[in-house]
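Descriptive analysis of the structure
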Amino acid sequence: MDSADIGTITVRGGVTLRAGPAREPCFRIVTDQADMARFPEGSPEHRREMLHGDVNEEVQSLEIAAQSLADFPDAPWDIRFHLARQCWDEVRHARAFLRRLIELGGRKGEFPIINQEWGVVCMFDSLVGRLAVQNRLFEGGSLDVFKEGVAAWTAWGDHVTAEIMDAVVADEVQHVRFANDWFERLRKEEPRALLKAIAAMDALRVRAAALTPPEMKMAHEIPINVEDRRDAGFAIE
Ligand SMILES: [Fe+2]
Ligand SMILES: [Fe+2]
């Protein structure tokens, strides 16, 4: 990949991100988390806003996996196969969340969207860097977030959405797992290749701190989803 070819934007904290992926004109795209909608927790608007955000997250996961296929044609065949399969999964996830959003009276473009994950991950010029951040860290984190989501939607009495979320987690485990398995293989066979993963994680820490509005730094801690994380190949005691 020639990094000179990619468009970039500069956002909060002077952070440089890959320029956003295309979106339909109905969407209002923001680049600062502080400009996202905020409704009282559990209100119908808040629930629709969550689903609306989930749709865009899934679309970004699709776009990141697809961009990696395009950018790293020489990656091992089995990793490319996993990425292609991931694209298919993420499309199904996006569709399932969108369908549910519409059933609940929502629509595309109802709330602002942010494409920060795409912007951060697609700046990395190695596949190990992208998988370290997107699949291991972000999608690994989504195992915890979705598990909490299942509990929240159940508590709101919406078992349909809770079930969709539960089905999505099962696929996410695989997306985290193939990255973890590959890293384990590299650790044994080609440890130097992992230096780019470590560098990506370091760069991410700096960027994440700069990108997070101060009022959001106090967000509550999400409990670790031990069972799914174990299935995804994380060593958890
Ligand atoms: Fe997904
Ligand atoms: Fe995923």
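Only a predicted model underlies this, so the values are computations on that prediction, with no experimental measurement involved. (Residues numbered from 1 in each chain as written. Chains lettered and ligands numbered in written order. Predicted model: local features only at pLDDT ≥ 70, side-chain atom pairs only at ≥ 80, totals over all residues. Heavy atoms only, no water.)

**What to know about the overall build of the protein chain**
Under the convention used in this document: Numbering of helices and strands runs from the N terminus; a helix is a DSSP stretch of H or I covering at least four residues, while a strand is a stretch of E covering at least two. With the radius of gyration taken over C-alpha atoms, the globule rule is written as 2.2 Å times the number of residues to the power 0.38. Any two residues whose heavy atoms approach within 4.5 Å at even a single point are treated as in contact.
When you go through the protein chain residue by residue, the secondary structure sums to seven helices and four strands. In terms of C-alpha radius of gyration, the protein chain reaches 18 Å, essentially the compact-globule figure of 18 Å for 237 residues. For the protein chain, the spread of C-alpha atoms along the principal axes amounts to about 50 × 40 × 35 Å. The long-range fraction of contacts in the protein chain, counting pairs at least 24 apart against all pairs at least 6 apart in sequence, stands at 79%.

**Brief notes about the coordination of the iron ion (ligand 2)**
Selection criterion: Coordination partners: N, O, S within 2.8 Å of the metal, 3.2 Å for Na, K and Ca; water not considered, so apparent gaps in a site are possible. Just to be clear on the cut-offs, tetrahedral is four donors with all angles between 85 and 135 degrees, square planar is four donors and octahedral six with opposite donors over 155 degrees apart and all others between 65 and 115, and anything else goes down as irregular.
Every protein donor of the iron ion (ligand 2) is listed here as E90 (OE), E139 (OE), E172 (OE) and H175 (ND1), and their distances to the metal cover 1.9 to 2.2 Å. Geometry at the iron ion (ligand 2) is irregular, judged from the four donor atoms that bind it and their angles of 83 to 153° at the metal. Motif for the iron ion (ligand 2), donor spacing along one chain: E-x48-E-x32-E-x2-H. Here the iron ion (ligand 2) and the iron ion (ligand 1) are spaced 3.4 Å apart, and both take E90 as a donor. Here E90, found in helix α2 (residues 77-103), pairs with H175, found in helix α5 (residues 159-189); they are 85 residues apart in sequence, far enough to count as distant.

**Some details on the coordination of the iron ion (ligand 1)**
Protein coordination at the iron ion (ligand 1): the donors are E58 (OE), E90 (OE), H93 (ND1) and E172 (OE), at 1.9 to 2.3 Å from the metal. One can describe the site at the iron ion (ligand 1) as irregular: its four donor atoms subtend angles covering 88 to 139° at the metal. Mapped onto the sequence, the donors of the iron ion (ligand 1) take the spacing E-x31-E-x2-H-x78-E.

**Some thoughts on the nonpolar core**
Under the convention used in this document: Joining through side-chain atoms within 4.5 Å is the link that ties buried Ala, Val, Leu, Ile, Met, Phe, Trp, Tyr and Cys residues into a set, and such a set is a nonpolar core. Using a 1.4 Å probe on the protein chains alone, a residue whose accessible area is under 20% of its type maximum counts as buried, one over 50% counts as exposed, and one in between counts as partly exposed.
Counting residues in hydrophobic clusters, the biggest one holds 18 residues, and the most contacted among them are F97, L143, F146, M165 and A232. Taken together, the elements giving at least two residues each to this core come down to α1 (44-71), α2, α4 (127-155) and α5. Here this core takes seven residues from α5, the largest share from any one element. Here M165 is in contact with D54, F97, F146, G149, V150 and W153, once residues within four sequence places are set aside. Formed by 17 residues, the second largest nonpolar core is a distinct cluster that contains L131, F183, L194 and A197.

**With respect to the packing of aromatic side chains**
Just so we agree on the cut-off: Aromatic rings from Phe, Tyr and Trp, taking only the six-membered ring of Trp, are treated as a pair when their centres fall within 6.5 Å; an angle between ring planes under 30 degrees marks them as stacked, one over 60 as edge-to-face, and anything in between as tilted. Placement of a positive charge over a ring is assigned whenever Lys NZ or Arg CZ falls within 6 Å of the ring centre and within 35 degrees of the normal to the ring plane.
The full count for this structure, using the stated rule, is five aromatic pairs. Centroid distance W182 to F183: 6.3 Å. Interplanar angle 50°. Geometry classified as tilted. With a relative accessible area of 9%, W182 lands in the buried category. On the basis of relative accessible area, F183 is assigned to the buried category, the value being 9%. Over the face of the ring belonging to F234 we find R229, whose NZ or CZ atom lies 5.0 Å from the ring centre.

**Description of the side chain of D32**
Under the convention used in this document: Within 3.5 Å is the distance limit for a polar contact, defined as a pair of N or O atoms, with the added protein rule that one can donate a hydrogen and the other accept it, and that residues adjacent in sequence qualify only through two side-chain atoms.
Relative to the elements of secondary structure, D32 occurs in the loop between β3 (29-30) and α1. Polar contacts involving the side chain of D32 include one to the side chain of R12, which spans 3.0 Å. Setting aside residues no more than four positions away along its own chain, D32 makes contact with R12, I114 and P213.

**Considerations on α2**
How we decide: Multiplying 1.5 Å by the residue count of a helix minus one yields the expected span of that helix.
Helix length check: α2 (27 residues) gives 39 Å between terminal C-alpha atoms against 39 Å at 1.5 Å per residue, within 8%. Residues I79, L83, Q86, C87, D89, E90, H93, A94, A96, F97, R100 and L101 constitute the buried set of α2. Considering only its buried residues, α2 is in contact with α1, α4 and α5. At the exit of α2 stands G105, carrying a positive phi of roughly 90°.

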